[in-house]
Amino acid sequence: MKDPQTDSGRSRWQIMDAVTPMVRGTGTALRIPIRASLLFMGLLITGMAQSPISDSVSRGFWALPENLTAVEGATVELKCGVSAPGSAVQWAKDGLLLGPSPGIPGFPRYRMEGDPARGEFHLRIETCDLSDDAEYECQVGRSETGPELVSPRVILSILVPPKVLQLTPEAGTTVTWVAGQEYEISCVSGDAKPAPDIAFLQSGQTVSSISVDVSEGSQEKLFITEATARTPIFQPRVTPQSSDNGKLLICEGYSPALVSPIKASITMNVLFPPGPPVIEWPGLNEGLVRAGQNLELPCTARGGNPPATLQWLKARPCLQNGQPVPIAWGTELTHATARSVLTMTVRPEDHGARISCEAYNSVSVGTQERSITLQVTYPAQKLWIEGPQEGQHFRTGTRVRLVCLAIGGNPDPSLTWYKDSRTVMEPRPAQEPRRVQLGNLEKSGSTFSRELVLVLGPPDNKAKFSCKAGQLSASTQIVVLFPPTNLTILANVSVLRPGDPLNLTCVSVSSNPPVNLSWDKEGERLEDMAAPPQNAPFKGSPASRSVFLRVSSRDHGHRVTCRAHSAELRETVSSFYRFNVLYPPEFLGEQVLVVTAVEQGEALLPVSVSANPAPEAFNWTFRGYRLSPAGGPRHRILSNGALQLWNVTRSDDGLYQLHCQNAEGTAEALVRLDVHYAPTIRALQDPTEVDVGGSVDIVCTADANPILPNMFNWERLGEDEEDKSLDDTETMSKGSTGRLRIHHAKLAQAGAYQCIVDNGVAPPARGLVRLVVRFAPQVEHPTPLTKVAAAGDSTSSATLHCRARGVPNIVFTWTKNGVPLDLEDPRYTEHTYHQGGVHSSLLTIANVSAAQDYALFTCTATNLLGSDHTNIQLVSISRPDPPLGLKVVSLTPHSVGLEWKHGFDGGLPQRFHIRYEALETPGFFYVDVLPPQATTFTLTGLQPSTRYRVWLLASNALGDSGLAAEGTQLSITTPGLDQPSGEPDDQLPTEHPAEPPGLPLLPVLFAVGGLLLLSNASCVGVFLWWRKLRHLAEGISEKTEAVSAEDQVRNEYEESQWTGDQDTRSSTVSTTEIEPYYHSLRDFSPQLPPTLEEVDYTQGFTGFEEEDVAFPEHLYDEVERMYAPPGAWGPPYDEVHMGSYDLHWAEDKYEGPGRIYDQVAGDSGPLESDSLPFELRGDLV
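As recorded by an unreviewed UniProt entry, the protein chain carries the name Nephrin and is attributed to Heterocephalus glaber. The Subcellular location (unreviewed entry) comment attached to the protein chain in UniProt states, word for word, "Cell membrane". A UniProt comment under Function (unreviewed entry) is attached to the protein chain, and it reads "Seems to play a role in the development or function of the kidney glomerular filtration barrier. Regulates glomerular vascular permeability. May anchor the podocyte slit diaphragm to the actin cytoskeleton. Plays a role in skeletal muscle formation through regulation of myoblast fusion."

Set out below in structure tokens:
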């Protein structure tokens, strides 16, 4: 028995074969979940590939077999339960019938089990192997109780586990590798189904970069997997590390047929270099030893395979490379650590020697080293001072350098300087300039030195400077010439008042040599007298003289100067006495009487007063109130009496009275505070309204201090520079009022204006005022006249869109055929939208009826300034209107580029076709425009220097637009091959070739007469040839016109069928597929701007036909937004111009709905088709 499902079974194996390469082609190791997922996907695809189970088959079986997956050696059972027990049942394997016998011949492991009386015919397969991997089906023969039945085919998939893994290097061996080097390793599995996954584990960590190659096994359906460990650049290598020493590298094989993975491994013996050596120095100071000391140094190095070898080296200071130490030493190995002990006796010549311990083994790239430099100490000899001769004279401030030198000693000898038995140290903090600079100990060979640099002063006069090194010492002495160290003036009284006598004495404490004293007062020489001298320090000479004075109040703060002059040193030292005269407060001439401050800022009312002692208190009063001397929230009286104010307000402006007093008297002064404050706008009429063409002043009144002549400025808010222009405006200001005068207001001037008042005090005041330019409604009139198509079957709906612009808000009214529309009728629904100056009305007509609703609807927009209207024609779904504006955009010898605009599509999707002919060749050519909605097309395959006539047609499901309309055809002449190609020179769409320029009449007549006489004989032959071609062309044309006429008749018939019988084929165009629309929703040109209900008006629009208008947001309170931002809308109708004809309907056509229906039913009417503009013509049903 052969079943048609055999082909579907083959396709299922093809699907399984398509899944297998997915496993073979992978570049990385697949784990068990991934392999199982692929297998499951294959089985799922196989199950999806099976034919659907028919109801008859399912009614004939009460148990159907299912797809099974089993491991090799397992026992499986495929179920088959038959509803008609008396039928003959047998199983088929891969299309091979196994027979109805329970013990299947030739298949000893196969047996049908179950109770036949109950319809049980289960196929049991024991000890499954790969030969059982096949498709099975249960077949029931025809019987008296039932028909012939065949169960769906099922797949028994046998999984064969891999038996062995072959590892290279050989499994179970120990391999010796060097750490960091790369080695190849691979692992190959035995036959298995499906292909097993292989993974490498290095020291317990999975090796991520491996390459897996799956190939066919020794038998069909078996696979072999070979995995190779790879580096990141896919080289067959593995890199061991020192941590892998003694550990395993394992290859594991995974398969769905295995309970646990099979493994094969090798042991890694990894060779690696030892760690760095470590020298254990006895004591805290590394390298410090004494001459004659016995030194023992242990050196250890850890790790390494094989263990490290240690070696000692000693390098003299004069040698570059170390030499082996000429004493015995050895290496001990304990717990993977190498240890060696160096024993030596230190000698003086070992000072600076470098002792090194080196560690290495057979795989070391270089030698690792640890070294110590020896510092051997030993004791020293001669000491002296180099410098100026002892007793030499120097002026104070002279820089003197003393150097102490010593020979021998290690460590370096310590050289110490003393001054008169006291240690010389650099002062802390350092003096400016530094008078003592103590140098560091310096060494040159075996000579050591330390210098002492002195900037000589009086304390250094005849002082003894000594240098000591251990028990050795040296000394020297210096004589210093210096001016008076301290010139002091002594007074006989401590308190002075005007008229008091004053006796001053000038004392020079010490100088070398002695000095002469003199007095002067503010440059005026004074008479003095001698005074008794005192003892002088620094081994110098003293001096003193006195002067008598009587003081006045004007002397306060003046100085009396005493000068000490040394003729030998040519130097003078001076000291002064300042008069401190007590007197009452007095305000000075520089006292500020007017202080200017900024509001919210700080103000400081300064005090310029002279008093001694200083005033005890400064009392300020303002408007009769005394300010608290302790301060307040916004004021503070400073220590010098000045009044500091903060957060100054305009109420703080005024006169402040200051009263200051001391122990000698009182004084008063008046200070005025002038508070400047930033301007604030007090009055701004918003919005300011004006009619188009009128004049208006935008008035801005501000409060400010100071008030400046030019503090008013105006800005216009907008995105473009044109929107910000203030042309045709006049700016005026007077006092605290500024005006922006607008003459002859235009729509473009509507928008937001900003008054900016800036008197120099930040921040400037800004006020926003909206200028509203009121204008009468302007309804958008697209060309051609708007049409909306809808099926008049009383089940469709149509939506008419009317949009206008105007300020203030617009009220829409609708009429049908001149009669006001009753919006209370439930079939009519109107939605009105206002967005700034743009207003929309959407009229939805439900259950459109041809008799009632195919009419001319008029939308009228009205506001306080006037009204405007537009007409929208609701028509039947029909053939499309002809395309508009066919023109040539490019021309070459072999092609012509055409461009046009959509016409009304009749309410159905339309497409375009091109018909053209060569005028000298009979016959027409037809080309479909692709894509269907395109409005440009390049016609190719033309001949050079040839005249062509081209027609453009639009068609939809109801027919085409015809060839007779103007603007749908044109004549062209392709240029020759030697002529340049390009765009035509402003050729109109329907323009015929221009007539040649006129020639003089008489020469033309003579030329024509001569040509007629010469060609008389040839004309007869040419005429006969032309007549033959004409007959041929007329035959082709008649055939084409016949076909076109036939199509036209057929389309008209189909329209009538669609109208009269909704069960015809054209009735499939329903309102759910093609909704009524405004113009067309299928790229009809011209496109209308988005209506208010269609777009988010965060975009906005650009202005009207005459001028651009830009409006700010929220211009009116009664609408959500008056105008949208500029630039968001383009012109309402790109490249579409209103026609000059009068748009009206004949009065006798819309007398009533019944008359409309009668005219349509009669298929006649008195109105000529040519009496209306083309855009108003339509087929009413």
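So much for the structure itself; the text now carries on.
### A few points about the side chain of Thr870
Position of Thr870 relative to the elements: it lies in strand 73 (residues 866–875). On the accessibility criterion, Thr870 (6% relative accessible area) is buried. Ignoring any residue separated from it by four or fewer positions in sequence, one finds Thr870 in contact with Val779, Glu780, His781, Cys802, Phe857, Thr858 and Cys859.

### Some details on unusual backbone geometry
Phi is mostly negative for residues that are not glycine, and the peptide bonds are mostly trans. In this model, Thr168 is joined to Pro169 through a cis peptide bond whose omega is 5 degrees. Structurally, Pro169 is set in the loop between strand 12 (165–168) and strand 13 (174–178). Cis geometry marks the peptide bond from Ala762 to Pro763; its omega dihedral reads -5 degrees. Summarising the element assignment, Pro763 is placed in the loop between strand 64 (751–757) and strand 65 (765–779). One non-glycine residue with positive phi stands out, namely Asp420, at about 50 degrees. The topology assignment puts Asp420 in the loop between strand 34 (416–419) and strand 35 (422–423). Exposure remark for Asp420: the relative accessible area of 41% places this residue in the partly exposed category. Even without being glycine, Ser794 reaches a positive phi, approximately 65 degrees. Mapped onto the elements, Ser794 comes out in the loop between strand 66 (786–789) and strand 67 (798–807).

### What about the sheet that holds strand 46 (residues 541–550)?
Within a beta sheet, neighbouring strands are joined by backbone hydrogen bonds and run either parallel or antiparallel to one another. Read across the open sheet, the four strands follow the order 41-42-46-45; overall the sheet is antiparallel. Strand pairing shows two members of the sheet lacking a second neighbour, strand 41 (487–491) and strand 45 (529–530), which therefore form its edges. The sheet contact formed by strand 41 and strand 42 (residues 501–511) spans five bridges and is antiparallel. By the bridge assignment, Leu490 is partnered in strand 42 with Thr505.

### Section: the environment of Thr649
Take Thr649: it is sitting in the loop between strand 56 (643–645) and strand 57 (654–662). Under the relative-accessibility criterion, Thr649 is labelled partly exposed at 21%. Thr649 sits 47 residues away from Glu602 along the chain, and the two C-alpha atoms are 9.8 Å apart. Not counting the four nearest positions on each side in its chain, Thr649 is found in contact with Glu599, Gln600, Arg634 and Val675. A polar atom in the side chain of Thr649 sits 2.7 Å from the side chain of Ser651.

Quick notes on the rules
Residues numbered from 1 in each chain as written. Predicted model: local features only at pLDDT ≥ 70, side-chain atom pairs only at ≥ 80, totals over all residues. Heavy atoms only, no water. UniProt positions renumbered as here; feature names shortened; annotations may be inferred. Helix = DSSP H or I, 4+ residues; strand = E, 2+ residues; numbered from the N terminus. Buried < 20%, exposed > 50% of the residue type's maximum accessible area, 1.4 Å probe, protein only. Contact = heavy atoms within 4.5 Å. Pairing = 2+ DSSP bridges. Polar contact = N/O pair within 3.5 Å; in protein donor to acceptor, adjacent residues only side chain to side chain.

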